[in-house]
Structure formats: C-alpha cells, structure tokens
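# Examination of the molecular architecture
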Amino acid sequence: MLDRFDPRNWTIPWDELGGAALILIVAVCIAYVGFRIVYSLVIKLASSSESTSDDLILERVRHPIKWSAIAIAVTLAAQSDPYLASFWEPVAQFLRPALLGWIAYSLVKAFTAIVELRLDAACDPVAVRSRRTRIAILSRTATIAIIIITIGLMLLTIPAVKTIGTTLLASAGLAALAVGAAAQPALKSLIAGLQIAVTEPLRLGDLIIVDGEGGRVEEIHMSYLVIRTWDERALIVPTSRVLEEGFENWSRNNEELTGPVMLHLDPIAQVPPIRAEFERFVKAHELWDGRTVVLLMTEAYPESVELRLAVSAKTIGDVWHLRCAVREHMLGWLRENQPDALIRHRLEVPGGHPKAGEP
C-alpha cells in the first residue's frame, strides 16, 4: 500500500488518505464531545458532595483522561480502516505507555495534594511535620518510579532498543555488576531517603544542627536535604551523610526547650537576691511557659563564680528571645543593685612602684 509513495511511481492514494482523515476527525470529535459530556456530569456529582478531594482529583486527571479518550477512539476507528491503522499503530505503541504514565503521575500528585490539605487542618504541629515528610519523600519516590517505568515502556516499543535489551540480557551478570557499581551512590541516597521517610529521624520544619550549623529543614529530597539557617543561607547536605555522621534534632517530639543563660560574677556577689530578681522577671515575662526557672551556681573559681540561669518556653524561637531578655535584664539589674558583683580585672602593687613618685 505504501509503495504508491515510491518516487518512481509517485501516486498519492487520495481516496484512502481522505477517508482515513475523515474517520480520524470524526473519531476525535466524538471522543472530545463524549468526554466533555461525561466530565460535566461527573463534575456535577462531585460538586454535590462536601468533600473537596474528588474535585481536586478530577481537576488533576482532566487532561490525561481527555487525551486518553481521544487515543482510544482513534484506536477503535483504526480497526475499521487499514490505511489509518498503518499510520496510527506505530504512534499508538509509543503513545499508550506515555498516557498511562501521565495518568499515574497525575493521580500521585492529586492524592499528595489531598493529604496535604487535610494536614493543614491538624492541630499537632509535630504530627503535621511527620506526615508531610513522609508524603514528600514517598510521592517523589513514586514519581521517579513512574517516570522510569514509562520511559522504559516507551523505549521498548522501538525495535532497535528491543535488540539492545536482548543483547544485554544475554550478559545479565556483567551488566548487573556494572550497573550496581555505577549506581551505588544513587542507590545509597535512595535508601537513605526512604529510611528518613520510614524512621523519621528528622522531618520538614525540624530545627537540626549539622556540623555546628543550625537551621530548619526546608526540603527533603532522595539524595540531599536543604537546611535554611537563621541568616537565610541554604545548606545542602547529603541524606546519607546526615544518617551516617549524626546530627542534633532540637524539635524531635516538640519545640519545648530549656535554654541556659550563663553569668560569670565576682565571688563577692550575693546569690539569693540575684535568684529572687531572676525568678520575678521570668515569671512576669510573656514568653515563659511556666515549666522551668532555675538559678544554680555551677562553678566557683578563685576569681569568679558561674551562675546558670535556666528558662523554658513553648517554641525554640521563644526560648532564644527569652534568654536574650534575661541576659540583658540581669546585667542591668546587677549594674544598679550589685555593681561589685561584676568582674573587674584588678592590679595591686604593694607600696606602689619606686619610680611612681619621681618627677
């Protein structure tokens, strides 16, 4: 049939080409109109329910379902026209896995958005961060798997790729070793990302300390973390490194922390009045959560004493600001009420220096 396009003959089968084009246009129009009618009915049924989940799913899968319906209609029409089938089947073999992958990808994104919407209504911030972390990692894993499978199925429709695949299967042992050695860092990062999703040593929004740098976990990817510091720098840390070398998580279960304020004073300092003023100030402060307000003398040296003033608050940020307020207030109070308690460096010269009185 296609030999009519041979340059030696160069005769175009206009009748068959026109008939195939007409069947194609009719199939596309029928599929599109049918999709619009069915989709409108489903939208009306979904709008009658109170839940927004079905609306979100329908909106996400609208385009892939539309093009899948058109592809199915053209495939059915091609069965009645061999000329259309000769052109459509090679394209359809490449297009079917792409459409299936598109639908699966849209469904994953829709369910991810639904779960995140439900998380916004949750009260427990720790539970919200925990679930959001799992959703982020698992959705990325599912997305990567869908993309890899879809591309693989599309490539298998190419005869040359099938031949290459058969050749590789013949030497599967060597190929597996080579791929395993080359993909070891990627597999290591993938396993580390899944381990974070399952065991939850850290979550999105947690305040962690890595290599002396602290910040909030802003993003969790399969191969790396993004940590946003207080000065808005972004630290990029490999997930495998975090799990292997360890880190500090300051908000593992909640953000209620106790923070110290260290005062180094002269041994002449009277501790009871300092303790009374410290407790009075903290108990009257709006950031204090009512849990901890303790002053202890932790060290005593010949020239100084060390006082640790411990305070607590509901969040890490509140602890920081409360500590700063306590430090500023107590130093001001000491300057006014116990100035001798502040450390001064003194130099005593018994009898004075012999040359001090010389002109």
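Higher on the page you've got the structure.
As a starting point, this report considers the structure included with it. Keep in mind it's a predicted model, so treat the numbers as computed, not measured.

Reading guide: rules and limits
Residues numbered from 1 in each chain as written. Predicted model: local features only at pLDDT ≥ 70, side-chain atom pairs only at ≥ 80, totals over all residues. Heavy atoms only, no water. Helix = DSSP H or I, 4+ residues; strand = E, 2+ residues; numbered from the N terminus. Buried < 20%, exposed > 50% of the residue type's maximum accessible area, 1.4 Å probe, protein only. Contact = heavy atoms within 4.5 Å. Areas by Shrake-Rupley, 256 points an atom, 1.4 Å probe, with all protein chains shown as cover. Pairing = 2+ DSSP bridges. Salt bridge = Lys/Arg side-chain N within 4 Å of Asp/Glu carboxyl O. Core = buried A, V, L, I, M, F, W, Y, C linked by side-chain atoms within 4.5 Å. Polar contact = N/O pair within 3.5 Å; in protein donor to acceptor, adjacent residues only side chain to side chain. 1 Å grid on protein atoms, 1.4 Å probe; cavity = no way out; pocket = protein on both sides within 12 Å on 5 of 7 lines; lining within 4 Å. Points joined across faces, edges and corners; volume = space filled by probe spheres on them. Nonpolar A, V, L, I, M, F, W, Y, C, P; charged D, E, K, R; others polar.

This part is about the overall build of the protein. Secondary structure assignment for the protein yields 10 helices and 8 strands. Buried positions account for 33% of the 359 residues belonging to the protein. In the protein, once contacts between residues fewer than 6 apart in sequence are set aside, the share between residues at least 24 apart is 64%. For the protein, the exposed surface amounts to about 22,400 Å²; the carbon and sulfur share of it is 64%.

Ordered by their spatial adjacency, 5 strands build an open sheet running S4-S3-S2-S1-S5, and the pairing between neighbours is antiparallel. In this open sheet, the two edge strands, each paired with only one partner strand, are strand S4 (234-238) and strand S5 (248-249). Two strands pair when backbone bridges link them, and strand S1 (residues 207-210) and S5 are joined in this way by 2 bridges, in the antiparallel orientation. Within the sheet, the bridge partner assigned to Ile208 lies in S5 and is Asn249.

Turning our attention to the pattern of salt bridges. A full pass over the atoms with the stated rule returns 9 salt bridges. Notably, a salt bridge pairs Arg228 with Glu218, separated by 2.9 Å at the nearest N-O pair. Of this pair, Arg228 sits in strand S3 (residues 224-229) while Glu218 sits in strand S2 (residues 213-220); the two residues are 10 residues apart in sequence, bridging distant segments of the chain. When its relative accessible area of 38% is taken as the criterion, Glu218 is described as partly exposed. Taking the shortest distance from any N to any O, the salt bridge between Glu245 and Arg241 comes out at 3.4 Å. Pair noted here: Glu245 and Arg241 are both in helix H8 (residues 239-245), with a separation of 4 residues, about one helical turn. Under the relative-accessibility criterion, Glu245 is labelled exposed at 56%. The class for Arg241 is partly exposed, based on a relative accessible area of 32%.

Next up on the list: the environment of Ser80. Checked against the element boundaries, Ser80 lands in the loop between helix H2 (53-78) and helix H3 (82-120). Assessed through its relative accessible area of 57%, Ser80 is described here as exposed. C-alpha of Ser80 to C-alpha of Ile23: the two residues are 57 residues apart in sequence and 9.2 Å apart in space.

A few words on the nonpolar core. Ranked by size, the top nonpolar core spans 23 residues in total, and within it Leu265, Ile274, Phe278, Val282, Leu307, Leu309 and Val326 carry the most contacts. Of all the secondary-structure elements, those providing two or more residues to this core are strand S6 (257-265), helix H9 (271-284), strand S7 (293-300), strand S8 (305-313) and helix H10 (316-337). Among residues more than four places away in sequence, those in contact with Leu307 are Val261, Met262, Leu263, Leu265, Val271, Ile274, Leu295, Leu296 and Met297.

This part covers the side chain of Thr143. Mapping Thr143 onto the fold places it in helix H4 (residues 125-156). A distance of 2.7 Å separates a polar atom in the side chain of Thr143 from the backbone oxygen of Ser139. Thr143 has contacts with Tyr105, Val108 and Lys109, leaving out every residue within four places of it along the chain.

We now examine the layout of surface pockets. In this structure, the largest pocket occupies an estimated 530 Å³ of space. Taken together, 21 residues line the largest pocket, and the ones lying closest to its centre are Leu207, Trp230, Trp250, Ile316 and Trp320. It is H10 that provides the largest number of residues to the lining of the largest pocket, a total of 6 residues. Its residues placed into classes, the lining of the largest pocket shows 8 nonpolar, 8 polar and 5 charged.

It is worth spelling out the environment of Ile196 at this point. By the secondary structure assignment, Ile196 is in helix H7 (residues 184-199). A relative accessible area of 0% means that Ile196 is categorised as buried. Along the backbone, Ile196 and Thr239 are 43 residues apart, and their C-alpha atoms lie at a distance of 8.3 Å. If we skip the residues at most four places from it in the chain, Ile196 touches Thr133, Ile137, Pro201, Leu202, Ile220, Leu225, Thr239 and Leu243.

Another aspect to go through is the pairing of S4. Regular strands show a simple pattern: their side chains alternate between the two faces of the sheet. Side chains Leu235 and Val237 of S4 all project onto a buried face; the interleaved residues Ala234, Ile236 and Pro238 project onto a face where none is buried. In this structure, S3 lies alongside S4, joined through 5 bridges in antiparallel fashion. Its bridge partner lying in S4, Val226 is registered against Ile236. As consecutive antiparallel partners, S3 and S4 are separated by 4 residues, and within that stretch Glu232 has a phi angle of approximately 70 degrees, a positive value.

From the geometry alone we can't say anything about function, so treat these as descriptive.
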